[in-house]
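Observations on the three-dimensional arrangement
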Amino acid sequence: MTESMDMDAKNQQFDEDLERIIQLLEEKSYFKARDEILKYNEVDIGEILEEVLEKLGVEKTIIIFRMLPKDVSVDVFSYLPSDDQLEIVSGITDREISYIIQELDFDDKIDVLEELPANIVDKILEKTPKEERKLINTFLNYPETCAGSLMTPDYISLQETMTVKEALAYIKKEAMDSETVYTCYVKKGGRKLEGIVSLRSLVVADDDRKVSELMNTDYVYVNVYDDQEEVSEMFKKYGFLAIPVVDKEHRLVGIITVDDILDVIEEETTEDIERMAGVMDDSDKEYLDMGVFRHVKNRLPWLVFMTIALMITGSIIAKFEAVLSQVIILVSYLPLLMGTGGNTGTQAATLVIRGMSVDEIDLKDALKVAWKELRISVILGLVLSVFNFAKVVFIDGQPPLIGLTVAASMVVVIMFAKLLGGLLPMAAKRLGIDPALMATPMISSVTDMVSAVTYLLIASIVLGISI
């Protein structure tokens, strides 16, 4: 409780300081604004510059960015969104751009260069040392979604013939230029990865012991062309701070650190949420930055699909016109059943998709999932059917046969929806389709149709009305 109050107080103070900074910049009191900004760390300064850019425009943002100490400006730049980075790059000199790029960590440097216009990248690479230029071009040529585009060459590599004393001396020398020192990568002769050794193991070992005696040869690694989503799953599964990346000949070409994979996890989660909501978004732009027609393009396909499904549902209902015309009250309970079916199906699908994403559920568990969802659906169906029977008969004052029709339909619809929601994502994965694509839109549309057919068929049987 106290920690929460402290956080609220800090957030309130930040908002107040941000307002003061904005006011100082509007008054052109740039030095005072800079002094206020420098009270914060680089991450918070990045957030402040985002707000300045949004509220005051790129001109004042560049002015205050240039006034930051050089080492601070480099770190702040790495924390800015790519769109904001481009805004700043467009307003500063080539020399300033080159300085920022040269000072960035290698993986951040690649991320920035991937977003910059080709003419600016060419200018930067012209001033880059030959060996580094070759390495940058290699990294830039990896597909955007593979492990190679995430990795960094800044890691500690040891030779297996080193003694502990030699290894620690080497780590001390190279540590400031490495992404992590907690795990070191052991190579034999050339670049082939032989094993890994932790800094802890080296620190507690005798100075004359060989690295080869301490290294672990049973390690987890990824290939340079493995998909980013697969890599993120490995980080979640093993809880690593870093994972080595090797080529097809098992040569170590880089490592991926947890801070880089967090961005991938966020992107994948956002993508799944958008797909489950029926938004086919292939852009990394934020909501307010995306044009109206791009929003329309992203949403239209699933809306067309759902419209067609609703048309089919309407046709089904029209076929049962005789039943509905004789007992018109049946129409008022149809939305209840359709909504309940969609909701229960989506519940099951969400839990199964989550289970598959964190490796709790595998495709071979399909029968277990079906059996579990069937039992859940029976219990839920019976509880909700009793509730709805009481509501129809005792509150709405309808005949018991109408209540029985609604109750029986409720049980069947929930059973179908739960089984569909549990098994459809697994079927999609089996076919190589992203399960998130099959969630809310597909399940809701299918259960609507099944709900209508089930309800009207049961009504015709229970009420003795010919179709």
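What counts, and where the lines are drawn
Residues numbered from 1 in each chain as written. Predicted model: local features only at pLDDT ≥ 70, side-chain atom pairs only at ≥ 80, totals over all residues. Heavy atoms only, no water. Helix = DSSP H or I, 4+ residues; strand = E, 2+ residues; numbered from the N terminus. Contact = heavy atoms within 4.5 Å. Salt bridge = Lys/Arg side-chain N within 4 Å of Asp/Glu carboxyl O. Buried < 20%, exposed > 50% of the residue type's maximum accessible area, 1.4 Å probe, protein only. pLDDT = per-residue confidence, 0-100. Pairing = 2+ DSSP bridges. Right-handed = clockwise from strand over helix to strand, strands pointing away. Patch = residues over 30% accessible without salt bridge, like charges linked within 9 Å, V, L, I, M, F, W, Y side chains within 5 Å. Areas by Shrake-Rupley, 256 points an atom, 1.4 Å probe, with all protein chains shown as cover. Axes fitted to C-alpha atoms, helices over the stretch in contact; angles between N-to-C directions. Nonpolar A, V, L, I, M, F, W, Y, C, P; charged D, E, K, R; others polar. Lys, Arg positive; Asp, Glu negative; His and termini not counted. Charge placed at Lys NZ, Arg CZ, Asp CG, Glu CD. Core = buried A, V, L, I, M, F, W, Y, C linked by side-chain atoms within 4.5 Å. Arc of directions from axis to C-beta. Parallel < 35°, antiparallel > 145°, perpendicular 65-115°, else oblique. Left-handed = near helix turned anticlockwise from the far one by under 90°.

What follows deals with the overall build of the protein. Within the protein, the secondary structure is distributed over 21 helices and six strands. For the protein, long-range pairs separated by at least 24 residues make up 67% of all intrachain contacts whose partners lie at least 6 apart in sequence.

A word on the pattern of salt bridges. In the structure shown here, the tally under the stated rule is ten salt bridges. We note a salt bridge from Glu36 to Arg20, for which the minimum N-O separation is 3.5 Å. Within this pair, whereas Glu36 is found in helix 2 (residues 30-37), its partner Arg20 is found in helix 1 (residues 2-26), the two being separated by 16 residues in sequence. Given the relative accessible area of 11%, Glu36 is considered buried. The partner of Arg34 in a salt bridge is Asp35, and the shortest N-O contact between them spans 3.5 Å. For Asp35, a relative accessible area of 41% gives the class partly exposed. Put simply, Arg20, Glu36 and Lys39 are held in one network by salt bridges that share partners.

Parts of the prediction with low pLDDT should not have their coordinates interpreted in detail. For the protein, per-residue confidence averages 80 on the pLDDT scale, and 84% of positions sit at 70 or higher. Within the protein, helix 19 (residues 366-395) carries the highest mean pLDDT (92), whereas helix 17 (residues 321-326) carries the lowest (66).

A separate point is the pairing of strand 2 (residues 183-187). For strand 2, the tally of buried residues reaches four of five residues, placing the bulk of the element in the interior. Bridge count between strand 1 (residues 157-159) and strand 2: three bridges; the pairing is parallel. Across the sheet, the residue bridging to Gln159 is Lys187, located in strand 2. Handedness of the β-α-β unit built from strand 1, helix 11 (residues 164-174) and strand 2 comes out right-handed. Sheet analysis places strand 2 next to strand 3 (residues 193-198), joined by five bridges and oriented antiparallel. Note on strand 3: the bridge partner recorded for Tyr185 is Ile196.

Attention now moves to a nonpolar patch on the surface. On the surface, a cluster of nonpolar side chains totalling about 360 Å² of accessible area is made up of Val304, Ile308, Met311 and Ile312. Along the chain, Ile312 turns up in helix 16 (residues 292-319).

It is at 7 Å that the axes of helix 3 (residues 42-56) and helix 4 (residues 58-67) come closest, and there the two elements cross at 145 degrees. Two secondary-structure elements touch here, helix 3 through Leu49, Val52, Leu53 and Leu56 and helix 4 through Val58, Lys60, Thr61, Ile64 and Phe65. Residue composition of the contact of helix 3 with helix 4, by class: seven nonpolar, one polar and one charged.

When you line up the elements, Thr454 lands in helix 21 (residues 440-462). With near-sequence residues (within four places) excluded, Thr454 lies in contact with Ser409, Val412 and Val413.

Taken together, the side chains of Asp71, Asp75, Asp83, Glu87, Glu103, Asp105, Asp111, Glu114, Glu115, Glu144, Asp259 and Asp263 make up a negatively charged region of the molecular surface. If you list the elements that add at least two residues to the negative patch, you get helix 5 (70-79), helix 6 (82-89), helix 8 (106-115) and helix 15 (258-276). The dominant element in the negative patch, judged by the number of residues it contributes, is helix 8, at three residues. Assessed through its relative accessible area of 42%, Asp105 is described here as partly exposed.

Turning next to the sheet that holds strand 5 (residues 242-246). Read across the open sheet, the three strands follow the order 4-5-6; overall the sheet is mixed. What marks the edges here is a single partner per strand, and that holds for strand 4 (222-223) and strand 6 (252-257). Bridge count between strand 4 and strand 5: two bridges; the pairing is parallel. Bridge assignment links Val222 to a residue of strand 5, and that residue is Val245.

The three strands lie next to each other as 1-2-3, forming an open sheet whose pairing is mixed. If you trace the sheet from one side to the other, it starts and ends with strand 1 and strand 3, each paired once. Neighbour-to-neighbour, the strand axes of this sheet turn through a mean angle of 35 degrees, independent of strand direction.

If you look at the biggest cluster of nonpolar residues, it comprises 57 residues, and the most contacted ones within it are Phe77, Leu116 and Ile256. Top element by residues in this core is helix 1. It accounts for six residues.

Another point: helix 11. Since there are 3.6 residues in each turn of an α-helix, residues three or four apart along the chain are aligned in direction. Those residues of helix 11 that fall on the buried side of the exposure criterion are Val164, Ala167 and Ile171. Buried residues of helix 11, seen end-on, are gathered within an arc of 60 degrees and therefore sit on one face of the element. When the buried face of helix 11 is taken as reference, the exposed residues oriented beyond 90 degrees from it are Lys165, Lys172 and Lys173. Where the residues of helix 11 are buried, they touch strand 1, strand 2, helix 12 (199-204) and helix 13 (211-214).

Take the environment of Glu360 next. Relative to the assigned elements, Glu360 resides in the loop between helix 18 (330-357) and helix 19. When sequence neighbours within four positions are dropped, the list of residues in contact with Glu360 reads Arg354, Gly355 and Asp365.

Time to look at the environment of Tyr170. Tracing the chain through its elements places Tyr170 in helix 11. By relative accessible area, which is 27% here, Tyr170 ends up partly exposed. When the C-alpha positions of Tyr170 and Leu158 are compared, they lie 8.2 Å apart, and in sequence the two are twelve residues distant. Setting aside residues up to four positions removed in sequence, Tyr170 forms contacts with Ile156, Ser157, Leu158 and Met162.

Bringing the packing of helix 18 against helix 19 into the picture now. Two elements in contact, helix 18 and helix 19, have axes whose closest approach is 12 Å; the angle formed by their N-to-C orientations is 155 degrees. Here helix 19 runs roughly antiparallel to helix 18, going by the angle between their axes. Here helix 18 runs over helix 19; the crossing is right-handed. Of the residues in helix 19, those in contact with Tyr333, Leu336, Thr340, Ala348 and Val352 of helix 18 are Val369, Glu373, Leu384, Asn388, Lys391 and Val392. Among the residues forming the contact of helix 18 with helix 19, the class breakdown is seven nonpolar, two polar and two charged.

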